[in-house]
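Residue-level structure breakdown
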Amino acid sequence: MNIQWYPGHMTKAMRAMKADIAMVDVIIELLDARAPFASRNPDIDELGRGKSRLVLLNKADLADDRMNEAWIWYFKSKGFSVLKINAKNGVGIRQILPAVQEACREKIERNRRRGILNRPIRAMVVGIPNVGKSTFINSFVGKSRAKTGNKPGVTRANQWIRLNPSLELLDTPGVLWPKFEDPQIGVSLALIGSINDEILNKEELALELLRHLCRYAPEGLKRRYDLEICGETPDIPVMMKMLETIARRRGLLAKGGEPEMEKAAGILLDDFRAGRLGAITLEAPPSGDAA
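What counts, and at which threshold
- Residues numbered from 1 in each chain as written.
- Predicted model: local features only at pLDDT ≥ 70, side-chain atom pairs only at ≥ 80, totals over all residues.
- Heavy atoms only, no water.
- pLDDT = per-residue confidence, 0-100.
- Contact = heavy atoms within 4.5 Å.
- Core = buried A, V, L, I, M, F, W, Y, C linked by side-chain atoms within 4.5 Å.
- Buried < 20%, exposed > 50% of the residue type's maximum accessible area, 1.4 Å probe, protein only.
- Helix = DSSP H or I, 4+ residues; strand = E, 2+ residues; numbered from the N terminus.
- Pairing = 2+ DSSP bridges.
- Axes fitted to C-alpha atoms, helices over the stretch in contact; angles between N-to-C directions.
- Expected span 1.5 Å × (residues − 1).
- Polar contact = N/O pair within 3.5 Å; in protein donor to acceptor, adjacent residues only side chain to side chain.
- Phe/Tyr/Trp six-rings, centres within 6.5 Å; stacked < 30°, edge-to-face > 60°.
- Left-handed = near helix turned anticlockwise from the far one by under 90°.
- Nonpolar A, V, L, I, M, F, W, Y, C, P; charged D, E, K, R; others polar.
- Parallel < 35°, antiparallel > 145°, perpendicular 65-115°, else oblique.
- Salt bridge = Lys/Arg side-chain N within 4 Å of Asp/Glu carboxyl O.

**A closer look at the confidence of the model for the chain**
With 93% of its residues at a pLDDT of at least 70, the chain reaches an overall mean of 90. This model gives residues 152-156 a pLDDT under 50, and the stretch forms 19 contacts once residues within four places in sequence are excluded.

**Some thoughts on the nonpolar core**
Here is a general trend for soluble globular proteins: nonpolar side chains tend to be buried in one another's company. Ranked by internal contacts, the top residues of the largest apolar core, which has 81 residues, are I28, I96, F136, L189, L221 and L268. A total of 7 residues in this core trace back to one element, the largest contributor, which is helix α8 (residues 202-216). Excluding anything up to four places from it in sequence, F136 contacts I28, L30, L56, I85, A87, I93, I96 and V125. Listed in part, the 13 residues of the second largest apolar core include V55, L57, A60 and I72.

**Focus on the sheet that holds strand β6 (residues 167-171)**
Spatially, the 6 strands line up as an open sheet ordered β3-β2-β1-β4-β6-β5, and their pairing is mixed. Each having just a single partner strand, β3 (81-84) and β5 (159-164) make up the two edges of the open sheet. Looking at each pair of strands side by side, their axes are set apart by 25° on average, direction ignored. Judged from the 7 bridges that link them, strand β1 (residues 26-32) and strand β2 (residues 52-58) form a sheet pairing that is parallel. The partner of I28 across the bridge, within β2, is L54.

**Considerations on helix α3 (residues 65-77)**
An ideal rise of 1.5 Å per residue puts 18 Å on 13 residues; α3 measures up with 18 Å between its terminal C-alpha atoms. Those residues of α3 that sit buried are M67, N68, A70, W71, I72, Y74 and F75. If you check the start of α3, you find a side-chain oxygen 2.8 Å away from the backbone N of R66, and it comes from D64. Of the residues trailing α3, G79 is marked for its positive phi of about 95°.

**Digging into the pairing of β5**
Judged from the 5 bridges that link them, β5 and β6 form a sheet pairing that is antiparallel. Each bridged residue has a counterpart across the sheet, and for I161 the counterpart in β6 is L169. Where β5 folds back onto β6 in an antiparallel hairpin, the turn is made up of 2 residues.

**Side note on the packing of aromatic side chains**
Between two aromatic rings, the relevant description is the distance of the centres plus the angle of the planes. Within this structure, the stated rule accounts for 6 aromatic pairs. Here F75 and F80 contribute two aromatic rings whose centre-to-centre distance is 6.4 Å and whose plane-to-plane angle is 25°, an arrangement assigned as stacked. F75 gets classed as buried once you look at its relative accessible area, which sits at 1%. The exposure class of F80 is buried, given its relative accessible area of 15%.

**Considering the packing of helix α9 (residues 218-225) against helix α11 (residues 261-273)**
Interaxial distance between α9 and α11 falls to 12 Å at its minimum, and their mutual angle equals 115°. At the point where α9 passes α11, the crossing takes the right-handed sense. Packed against α9, whose contacting residues are L221, R224 and Y225, the element α11 presents I267, L268 and D271 at the interface. Class assignment of the residues belonging to the contact of α9 with α11 gives a composition of 4 nonpolar, no polar and 2 charged.

**Concerning the packing of helix α10 (residues 236-249) against α11**
Where α10 contacts α11, the two axes come as close as 8 Å, and the packing angle between them is 90°. Considering their axes alone, α10 and α11 lie roughly perpendicular with respect to each other. Residues M240, L243, E244, I246 and A247 of α10 form the contact with α11, whose participating residues are M261, A264, A265 and L268. In terms of residue class, the contact of α10 with α11 is built from 8 nonpolar, no polar and 1 charged.

**Comments concerning the pattern of salt bridges**
One pass over the structure, following the stated rule, counts 25 salt bridges. In this structure, the salt-bridge partner of R53 is D45, at a minimum N-O distance of 3.2 Å. Assessed through its relative accessible area of 32%, D45 is described here as partly exposed. K222 is paired through a salt bridge with D226; the nearest N and O atoms lie 3.4 Å apart. The class for K222 is partly exposed, based on a relative accessible area of 34%. Under the relative-accessibility criterion, D226 is labelled partly exposed at 43%.

Below you can see the structure in the form of structure tokens.
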């Protein structure tokens, strides 16, 4: 699959972020723990040059915890502060303010030496669409200050939110980059829901997911759909048969008893995204960078 998605509003959003970056002290970057590499916008590194950085592996409960630890090790080796969180239920949220203060410790100390004692830390919150930025902000602030939704593109403009006298947050829209050079990036982003489903071929995407699950997490398919273990390298006919079986076992049949494959694909994708197939990570850290 070769998936590309870059709506026009993202160009405007990135332009606004570049205009505001001079006002912030630290960048809080949310990644999806199931696909930390694919969910990192490479433009953020250039945008955040010279700024303190805090990486939050959000939706960590949906990812394999062994892989969470490997990714934490990887990002720390790159000089970032890193935490794993679940913005939806608040796990890890209390660790964030101390982590922000530690990331900005040198800046705070410089201000203290200059006699600046009450200036709040300003943090820009960034991430790709549907990574959970607004849910994180609402959980962090404790109020529904940012719009949330389960579709990408809910936040469309920058907005300042005051957490307390010591910290202000700048919420930004989810922004991708103009072209995915590696086709697997687009597939991973589509699987975790960061690409608008309306532009996707769900059957093809479901086959990509089945290929990954057969190799790395077949037990989820067995438990959820009572599918036989499929082997590590199933071919397309085998995976199509698996999708057909899901359709039949969920009663997704058209007139004449034909399986509704697209609906079955939608159920498979929804079950993966909701964690009903188990805690699954789609990517490992680059070879040689993790223990």
